[in-house]
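Residues per chain are reported as follows:
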Amino acid sequence: MITDTAYWEPDIERLSRQDMVALQQHKLTVLGQRLAASETWRSHFATAGMKPEDIGHPEAFGELPMLEKTDLRALYPYPLLTVERSQVRRFCATSGTTGLPVMFGFTERDLGDLLPRQMARIYVAGGARAGDIVYQGYGYGLWLGGLGFDLGAETIGATCFPVGPGRGELAIQWLRDQGHTVCSVSAFWLMSVVAQAKEAGIDPKRDWRLRLGFFGGQSISAGFRSELEAEMPEGFQAVNSYGTTEAGGPNVGIACPHSHDRNEMHLINEDTVLTEILDPQTLEPVGPGGEGEIVLTTLEKEASPVVRWRTRDLVRLSENPYDCPCGRRGLPLIGPIVGRSDDMLKIRGTMVFPSQVEDVIAATPGTVKEAWQIYIDRSDRVLEEGTVAIERRPESNAGTEQLAKQVADTLRARLGVRLKVECHDLGTLPRYEGKAERVIIRDK
Ligand SMILES: [Zn+2]
């Protein structure tokens, strides 16, 4: 459904691609001059025989060293802070699922001006408006998700309820009694809240007023999205969004009403978060329709900026990245996150992403979308055997064996590799509220 088009900063959001690139170029030059004052940044660029001022030279940019997790860890406790610690108003941290959390600072301007503007664009492009009532279900503390979405909601003139994760028992009633119109929450969590509501005799379709959901964290497949939309009040839209702590918030990607049906997102803040989509092996930019890794450079962030940060998140650049009918002509379109370059599994030599497995499960009627697992058996460091575990909905017409065969056949056709599929009864496999651990490697 295409609704009205609105912008938070029309002068910038509607720039042509050419003007957007010129604006980025200007900001890159200023960034280079700023980073030249920092000893740590000078030594970082020196590893490639370069200096911070080279950021401003278009022909040199692609030669600048990439920023990796190990670079940040080596600079513990405040990597690449770039301003005096006394200028930092708040620290946020990465989730630390693969090691120690990394601290990112925010100055008064980062928190009071930059992030609110970035997040306001996210909300408005996704369809939220002043007057909306927001159920904010992302986490707080050192994590940036909750704070980012709060700032965005408040900036556009919506009313924010910072509920945070969990509290399903209360949420099912609040959604009815407080009449939230927008939610920013994990899609899998919302699905579980729907189940809790139904058990308590609350019908989300009839009793809730939600019309829009912002789903960051894990991208959701088109199949899962349709299923979620079907459980919600008429006209509800599930909108994918994307961001990372390193970029300075959940501020990178958002679907507009025109790109929603194609499951694509605008890089909505390209004038403050410059995004390259690079082939993870060659590190060369991919063309339209190509798949690559998101690499980020923050152009305006004062504390803890990043230059060419490798997110490891893989996406497909749209076949038609520019000139979206919504008017955001110079803000490129990308598909949902298809996987992480370090999540990529090579099973008997074939590339498999867990997200592809998820897509197949979500598209098979009778399975439980939020409950699945991949087990990989490894011997001598070679991944030999893959087993996919799924669950059957009790009301499904197909039996467990039939479902397992159906999923195995589709996986074979889609991925070109034979995986074993075991189908269990409802409630057998683990559920995840935060980051899901879907792949388990077993040594033989
Ligand atoms: Zn658009």
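Rules used throughout
- Residues numbered from 1 in each chain as written.
- Predicted model: local features only at pLDDT ≥ 70, side-chain atom pairs only at ≥ 80, totals over all residues.
- Heavy atoms only, no water.
- Helix = DSSP H or I, 4+ residues; strand = E, 2+ residues; numbered from the N terminus.
- Rg over C-alpha atoms; globule rule 2.2 N^0.38 Å.
- Buried < 20%, exposed > 50% of the residue type's maximum accessible area, 1.4 Å probe, protein only.
- Core = buried A, V, L, I, M, F, W, Y, C linked by side-chain atoms within 4.5 Å.
- Contact = heavy atoms within 4.5 Å.
- Salt bridge = Lys/Arg side-chain N within 4 Å of Asp/Glu carboxyl O.
- Domains from an automatic or database assignment.
- Buried area = accessible area lost by both parts, 1.4 Å probe.
- Polar contact = N/O pair within 3.5 Å; in protein donor to acceptor, adjacent residues only side chain to side chain.
- Nonpolar A, V, L, I, M, F, W, Y, C, P; charged D, E, K, R; others polar.
- Donors = N, O, S within 2.8 Å, 3.2 Å for Na, K, Ca; no water.
- Tetrahedral: all angles 85-135°; square planar, octahedral: opposite > 155°, others 65-115°.
- 1 Å grid on protein atoms, 1.4 Å probe; cavity = no way out; pocket = protein on both sides within 12 Å on 5 of 7 lines; lining within 4 Å.
- Points joined across faces, edges and corners; volume = space filled by probe spheres on them.
- Pairing = 2+ DSSP bridges.
- Axes fitted to C-alpha atoms, helices over the stretch in contact; angles between N-to-C directions.
- Parallel < 35°, antiparallel > 145°, perpendicular 65-115°, else oblique.
- Left-handed = near helix turned anticlockwise from the far one by under 90°.
- Arc of directions from axis to C-beta.

1. A closer look at the overall build of the chain
Broken down by element type, the chain carries 13 helices and 20 strands. Here the chain has a C-alpha radius of gyration of 22 Å; the compact-globule value for 444 residues is 22 Å, and the two agree. Judged by the C-alpha coordinates and their principal axes, the chain covers about 65 × 60 × 40 Å. For the chain, the proportion of its 444 residues judged to be buried stands at 56%.

2. Things to note about the nonpolar core
Among the nonpolar cores identified, the biggest contains 34 residues, and Phe 45, Ile 55, Ile 294, Val 307 and Ile 334 are the most heavily contacted of them. Elements with a minimum of two residues in this core: helix 2 (17–35), helix 3 (39–46), helix 4 (58–61), strand 9 (265–267), strand 10 (273–278), strand 11 (291–298) and strand 12 (309–316). Setting aside residues up to four positions removed in sequence, Ile 55 forms contacts with Leu 28, Leu 31, Gly 32, Leu 35, Phe 45, Phe 61, Leu 64 and Val 307. The next biggest cluster of nonpolar side chains, apart from the first, holds 31 residues, and it includes Ala 120, Leu 151, Ala 153 and Ala 158.

3. Some points on the pattern of salt bridges
All told, the structure shown has 32 salt bridges when counted by the stated rule. Among the ionic pairs, Lys 369 bridges to Glu 227, the shortest N-O distance being 3.6 Å. Pair noted here: Lys 369 is in strand 17 (residues 367–379) and Glu 227 is in helix 11 (residues 222–231), with a separation of 142 residues, a long-range link. For Lys 369, a relative accessible area of 5% puts it in the buried group. Glu 227 sits in the partly exposed class, given a relative accessible area of 21%. The residue Arg 442 makes a salt bridge to Asp 377 at a minimum N-O spacing of 2.9 Å.

4. Focus on the domain arrangement of the chain
Segmenting the chain into domains produces domain 1 (10–14 + 106–339) and domain 2 (345–443). Distance from the C-alpha centre of domain 1 to the C-alpha centre of domain 2: 27 Å. Contacts between domain 1 and domain 2 engage 14 residues on the former and 13 residues on the latter. Overall, the association of domain 1 and domain 2 removes approximately 1,100 Å² of surface from exposure, summing both partners, and the carbon and sulfur fraction of that is 54%. Our enumeration of links across domain 1 and domain 2 arrives at two salt bridges. The interface formed by domain 1 and domain 2 holds zero residue pairs in polar contact (both at pLDDT 80 or more) in total. Those elements giving two or more residues to the side of domain 1 that touches domain 2 turn out to be helix 9 (187–199) and helix 11. A per-class count over the side of domain 1 that touches domain 2 returns seven nonpolar, five polar and two charged.

5. Notes on the coordination of the zinc ion
Coordination of the zinc ion by the protein involves Cys 256 (SG), His 266 (NE2), Cys 324 (SG) and Cys 326 (SG), with metal-donor separations of 2.1 to 2.3 Å. If you look at the zinc ion, its four donor atoms make angles of 102 to 114° with each other, and the shape they trace is tetrahedral. Counting the intervening residues between successive donors of the zinc ion yields the motif C-x9-H-x57-C-x1-C. Of this pair, Cys 256 sits in the loop between strand 8 (249–254) and strand 9 while His 266 is found in strand 9, placing the two residues 10 residues apart along the sequence. Given a relative accessible area of 0%, His 266 falls into the buried group.

6. Overview of empty space enclosed by the protein
Per the stated rule, a full pass over the model turns up two cavities of 30 Å³ or more. Taken as a whole, the largest cavity spans an internal volume of roughly 40 Å³. In terms of lining, the largest cavity is formed by Phe 106, Asp 110, Leu 114, Leu 115, Gln 118, Ala 247, Gly 248, Asn 251, Thr 272, Val 273, Thr 298 and Lys 301. No other element matches helix 6 (residues 108–126), which puts four residues into the lining of the largest cavity. Grouping the amino acids of the lining of the largest cavity by side-chain chemistry returns five nonpolar, five polar and two charged.

7. What about the sheet that holds strand 4 (residues 159–162)?
What the eight strands build is an open sheet, ordered 4-3-5-6-7-8-9-13; its pairing is mixed. Where the open sheet ends on each side, the last strands, each with one partner, are strand 4 and strand 13 (333–334). Taken together, the three bridges between strand 5 (residues 182–184) and strand 6 (residues 212–215) define a ladder with parallel strand orientation. By the bridge assignment for strand 6, Val 182 is matched with Leu 212.

8. Some thoughts on the sheet that holds strand 11
Within the open sheet, the four strands sit side by side as 10-11-12-14. Their pairing is antiparallel. The open sheet has two edge strands, strand 10 and strand 14 (339–340), and neither has a second partner.

9. A few points about the packing of helix 12 (residues 354–362) against helix 13 (residues 400–415)
In the contact formed by helix 12 and helix 13, the axes pass within 10 Å of each other and the chain directions differ by 135°. Compared by their axis directions, helix 12 and helix 13 come out oblique. With respect to the hand of their crossing, helix 12 and helix 13 are arranged in right-handed fashion. Residues Gln 356, Val 357, Val 360 and Ile 361 of helix 12 touch helix 13, and the partners they reach there are Val 407, Thr 410, Leu 411, Arg 414 and Leu 415.

10. Thoughts on helix 11
If you check which residues of helix 11 are buried, you get Phe 224, Arg 225 and Leu 228. End-on, the buried residues of helix 11 take up no more than an arc of 100°, which puts them together on one face. The elements touched by buried residues of helix 11 are helix 9, strand 6, strand 7 (237–244), helix 12 and strand 17.

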